[in-house]
Amino acid sequence: MKTIWKIIKWILIIIALLLLALYFTGNAYIIRGVQLTYLKGEKTANINDYKDFDNNVILAGTPQYWQNHSAYNQIQINPAFEKELIDYETASFIIIKDGQLLTEKYYTGYNESSITNSFSVAKSITTMLIGKAIEDGYIKSFDQKITDFLPEFKNDEFGKKCTIADLSAMTSGYDWSEDYYLPLNPTAKAYYGDNIEEQILNRKFIKNPGGHFEYLSGDTQLLGIVLKRALKNKSISQYAQEVLWQPMGMEFDAQWSKDNPNGMEKTYCCFNTTGRDFAKLGQLLLNNGKWNNKQILDSAFVQKMVQPNLKAFKKDEVPIYGHSIWMDPSYKTPFYAMLGHLGQRVIIIPSQNLIVVRTGKKHLDQPQTNAIKDGDVYRLVDEAMRINQNIR
């Protein structure tokens, strides 16, 4: 019995020392990360974990409801594809055709009012708000130097050259490691930490901006800090409510997760809403910034977002990114998209006037040879096209 108590004592001592080491090395966020993932049976962040964080609520105003297409839910989803949707715990699968609901399916206990995390779809929303802030005069231009808002980088050899556009294009040269599973990395710290602004501003730029595309969540959080400081007396969520959410007649309140009760929005991720309202954001891009004949976003800015940023890619590469928007102009059905971790998708197919939304807990990432590494994006496009072609 004494031996058992000695073992237990030493285990407790080791745990205490580990906790102290994490605290004094600035890695206490790992404790929270373990609590919210492994202790809940998860391997990474999940689509419902906004409930575990502080959030700013983005209030809906007078809702404008989607109209049903004449063929609403009349065309059966391909059984093999629907099996994939079910097996990978899809929450919503929605297709909008000509501004109307064509297909609307919910799985795994979710429904039209279920709010889920979009993860990096938030990057596109953040850049939309940057565009509106330029239009409203909070920011002079897309090519404005970030040091006008982030003087912390005025003495940074590379950071002082960086523009707002460099951040949205993922060509900043910022020092960041993009990983969603390893606990000791800046992405995990940004997600589970409690002072994201301090974390982001304490890092450096390691090369000249304007170079090759490199996907970095830190870029969009920097973009969020720029927006926060430009807006001064209102939060990013308040601004989103004023210029996007209520003017577009969103059906449901949204939630934007923050780093702490008095902190800021995690703009690189963590915008939470319903599949139907995500679809409206896709429709806004498809309509070149217009909603119900009202110009919500400047059309030229929207075009800049959804066109490939050619200078960020080599001549023999498919240009897969614009400004916070993914795309594949080389695919048999060209498209652009807002994409997020675990298979959150808002895909726009301009040639067919289609929006495809998929939200869910996991996604099937089969090896494939297309430009965007997530193969499910192409399967979603293909299934939407098959359904579209069967409309009578």
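For the structure, see preceding data.
Computed from a predicted model, the values in this text were never measured in an experiment.

### Quick word on unusual backbone geometry
Part 1: Non-glycine residue Cys270 carries a positive phi angle of around 70°.
Part 2: Turning to its location among the elements, Cys270 is positioned in the loop between strand S6 (254-257) and strand S7 (271-273).
Part 3: At Asn353, a position not held by glycine, the phi torsion is positive, near 55°.
Part 4: The residue Asn353 is located in the loop between strand S12 (344-349) and strand S13 (354-360) in this model.
Part 5: Residue classification places Asn353 among the partly exposed positions, given a relative accessible area of 26%.

### Quick word on the sheet that holds strand S2 (residues 67-68)
Part 1: Taken in spatial order, the seven strands of this open sheet run S2-S4-S3-S13-S12-S11-S10, and their pairing is mixed. If you trace the sheet from one side to the other, it starts and ends with S2 and strand S10 (326-328), each paired once.
Part 2: Relative to S13, S12 is paired through five bridges, and the arrangement is antiparallel. Note on S13: the bridge partner recorded for Arg345 is Arg358.
Part 3: Docked against the sheet, helix H12 (residues 375-389) engages strand S3 (90-97), strand S4 (100-106), S10, strand S11 (335-340), S12 and S13, running at close to 50° with respect to S12.

### Observations regarding the environment of Ala312
Part 1: Mapped onto the elements of the fold, Ala312 is located in the loop between helix H11 (299-306) and S10.
Part 2: Take Ala312: its relative accessible area is 1%, and that puts it in the buried class.
Part 3: Between the C-alpha atom of Ala312 and that of Phe213, which follows or precedes it by 99 residues, the distance is 5.1 Å.

### Concerning the packing of aromatic side chains
The description of an aromatic ring pair uses the distance of the two centres, along with the angle that the planes make with each other.
Part 1: This model, assessed by the stated rule, comprises 22 aromatic pairs.
Part 2: A ring pair is formed by Tyr331 and Tyr378, whose centres lie 4.7 Å apart and whose planes are at 65°; its orientation type is edge-to-face. Note that Tyr331 is positioned in the loop between S10 and S11 and Tyr378 in helix H12, a separation of 47 residues in sequence. Of the two residues, Tyr331 and Tyr378, neither departs from the other in class, the shared state being buried.
Part 3: In this structure, Lys266 is placed above the aromatic ring of Phe53, and the distance from its NZ or CZ to the ring centre is 3.7 Å.
Part 4: For the cation-ring pair, Lys266 lies above Tyr191, with the distance from its terminal atom to the ring centre recorded as 4.5 Å.

### Points about the environment of Lys234
Part 1: Secondary-structure assignment places Lys234 in the loop between helix H8 (217-231) and helix H9 (236-245).
Part 2: Residues within four places of Lys234 in sequence aside, it is in contact with Tyr138, Tyr239 and Glu242.
Part 3: A polar contact is formed between the side chain of Lys234 and the side chain of Glu242, at a distance of 2.9 Å.

### Considerations on the nonpolar core
Looking at soluble globular proteins, one finds that nonpolar side chains tend to be buried together.
Part 1: In terms of nonpolar packing, the biggest core is built from 116 residues, with Leu129 and Phe335 touching the most fellow members.
Part 2: Ignoring sequence-local partners within four residues, the contact set of Phe335 consists of Met327, Asp328, Ile347, Ile348, Ile349, Pro350, Ile372, Val377, Tyr378 and Val381.

### Remarks on the pattern of salt bridges
Part 1: On inspection of all chains with the given rule, the structure shows 18 salt bridges.
Part 2: Of the charged contacts in the structure, one is a salt bridge between Arg229 and Glu197, with a shortest N-O distance of 3.1 Å. With Arg229 in helix H8 and Glu197 in helix H7 (residues 196-201), this residue pair connects regions lying 32 residues apart in the sequence.
Part 3: Residue classification places Glu197 among the buried residues on the basis of a relative accessible area of 17%.
Part 4: A salt bridge links Arg386 to Glu383, with the nearest nitrogen and oxygen atoms 2.9 Å apart. One end of the pair, Arg386, and the other, Glu383, are both in helix H12, three residues apart, so they sit about a helical turn from each other.
Part 5: What makes Arg386 partly exposed here is its relative accessible area of 26%.
Part 6: On the accessibility criterion, Glu383 (5% relative accessible area) is buried.
Part 7: Each of Glu104, Glu112, Glu251 and Arg276 takes part in salt bridges that share partners, so that together they form one network.

### Here we look at the pairing of S3
Part 1: Along S3, eight of the eight residues are buried, which leaves the element largely enclosed by surrounding structure.
Part 2: Taken together, the seven bridges between S3 and S13 define a ladder with antiparallel strand orientation. Within S13, the residue paired with Ile94 across the bridge is Val357.
Part 3: Judged from the six bridges that link them, S3 and S4 form a sheet pairing that is antiparallel. Among the inter-strand pairings, Ser92 is bridged to a residue of S4, identified as Tyr106.

### Some words on the side chain of Asp374
Part 1: With respect to the secondary-structure elements, Asp374 resides in the loop between S13 and H12.
Part 2: Accessibility expressed as a relative area gives 15% for Asp374, which makes it buried.
Part 3: Ignoring anything within four residues of it in the chain, the contact list for Asp374 reads Arg345, His363, Asp365 and Gln368.

### Digging into the pairing of S13
Part 1: By the criterion of burial, S13 is predominantly enclosed, with seven of the seven residues buried.
Part 2: Burial of the side chains of S13 extends over both faces: Leu354, Val356, Arg358 and Gly360 are buried on one face and Ile355, Val357 and Thr359 on the other.

Here is what the cut-offs are and how they apply
Residues numbered from 1 in each chain as written. Predicted model: local features only at pLDDT ≥ 70, side-chain atom pairs only at ≥ 80, totals over all residues. Heavy atoms only, no water. Helix = DSSP H or I, 4+ residues; strand = E, 2+ residues; numbered from the N terminus. Buried < 20%, exposed > 50% of the residue type's maximum accessible area, 1.4 Å probe, protein only. Pairing = 2+ DSSP bridges. Contact = heavy atoms within 4.5 Å. Axes fitted to C-alpha atoms, helices over the stretch in contact; angles between N-to-C directions. Phe/Tyr/Trp six-rings, centres within 6.5 Å; stacked < 30°, edge-to-face > 60°. Lys NZ or Arg CZ within 6 Å of the ring centre and 35° of its normal. Polar contact = N/O pair within 3.5 Å; in protein donor to acceptor, adjacent residues only side chain to side chain. Core = buried A, V, L, I, M, F, W, Y, C linked by side-chain atoms within 4.5 Å. Salt bridge = Lys/Arg side-chain N within 4 Å of Asp/Glu carboxyl O.

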